Amino acid sequence: MKKRVTDGDRSPTKTLQLDYGDKFCQFMEDGTSLVRCQKPKPQNWTCFAVGRSYFQLVARMNTQAKEIGVYLCMQGDDRLAHYHLLKNIHQEQVNSSIGLDLKWRELPDAKESQIAINRQADPINRNDWSAQHKWLKETLESSHRTFAPIVKQLDAAEYQPDDAIEGNDGNP
């Protein structure tokens, strides 16, 4: 049987994460965002639907690195094909539309690939939360507007790795 965690059992870090997520979701709802929050949990990330299985937007905070961020998370058997299709075909459109410094992270040996946007900010500083939440909201909404229509149309069967392209035997 799973033990139910009470507020008194929660570490200070988990309490901060839950408070941060709760206030962020309130901020999103008060601002009538089209991006819907899930119920906040005591963790350093929260996920948002983007309209297709194996894809989600993630808002995160890191107290040690003093950083917040948003990333598109791609999972599943076709994640590498989807990542390369996004990078090879849509990178210029995505970069132009979002307009921030994107980190394209293939992560071939991991369970997910990411397209991330990070910003220096200290999540421990509650006085800065409204500015952090504003940036996260704007970045999530911009990312959702950009990625949702693209990921819905991605077809992994269209991806051809370099060494599988006809006539490319890998020799220079």
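This section reports on the structure supplied with the text. (Residues numbered from 1 in each chain as written. Predicted model: local features only at pLDDT ≥ 70, side-chain atom pairs only at ≥ 80, totals over all residues. Heavy atoms only, no water.)

### Regarding the pattern of salt bridges
Okay, step 1: Evaluation of the coordinates by the stated rule reveals five salt bridges.
Okay, step 2: Residue E138 pairs with K134 through a salt bridge whose shortest N-O separation is 3.0 Å. Here the residue E138 and the residue K134 both occupy positions in helix 3 (residues 129–153), the gap between them amounting to four residues, near one helical turn.
Okay, step 3: Here K134 falls in the partly exposed class, since its relative accessible area comes to 44%.
Okay, step 4: The salt bridge partner of E141 is K137, with a shortest N-O separation of 3.1 Å. (Salt bridge = Lys/Arg side-chain N within 4 Å of Asp/Glu carboxyl O. Helix = DSSP H or I, 4+ residues; strand = E, 2+ residues; numbered from the N terminus. Buried < 20%, exposed > 50% of the residue type's maximum accessible area, 1.4 Å probe, protein only.)

### Regarding helix 2 (residues 79–98)
Okay, step 1: Over its 20 residues, helix 2 extends only 21 Å from the first C-alpha to the last, a length that falls short of the 28 Å expected when each residue adds 1.5 Å.
Okay, step 2: Remark: the principal bend of helix 2, roughly 80 degrees, maps to H90.
Okay, step 3: Turning to helix 2, its buried residues are R79, A81, H82, Y83, H84, L85, L86, H90, V94 and I98.
Okay, step 4: Those residues of helix 2 that are buried lie in contact with strand 2 (55–62), strand 3 (67–75), strand 4 (102–105), strand 5 (112–120) and helix 3.
Okay, step 5: G99, located one to two residues past helix 2, shows a positive phi value of around 70 degrees. (Expected span 1.5 Å × (residues − 1). Bend = angle between axes of the 7 residues up to and from the residue. Contact = heavy atoms within 4.5 Å.)

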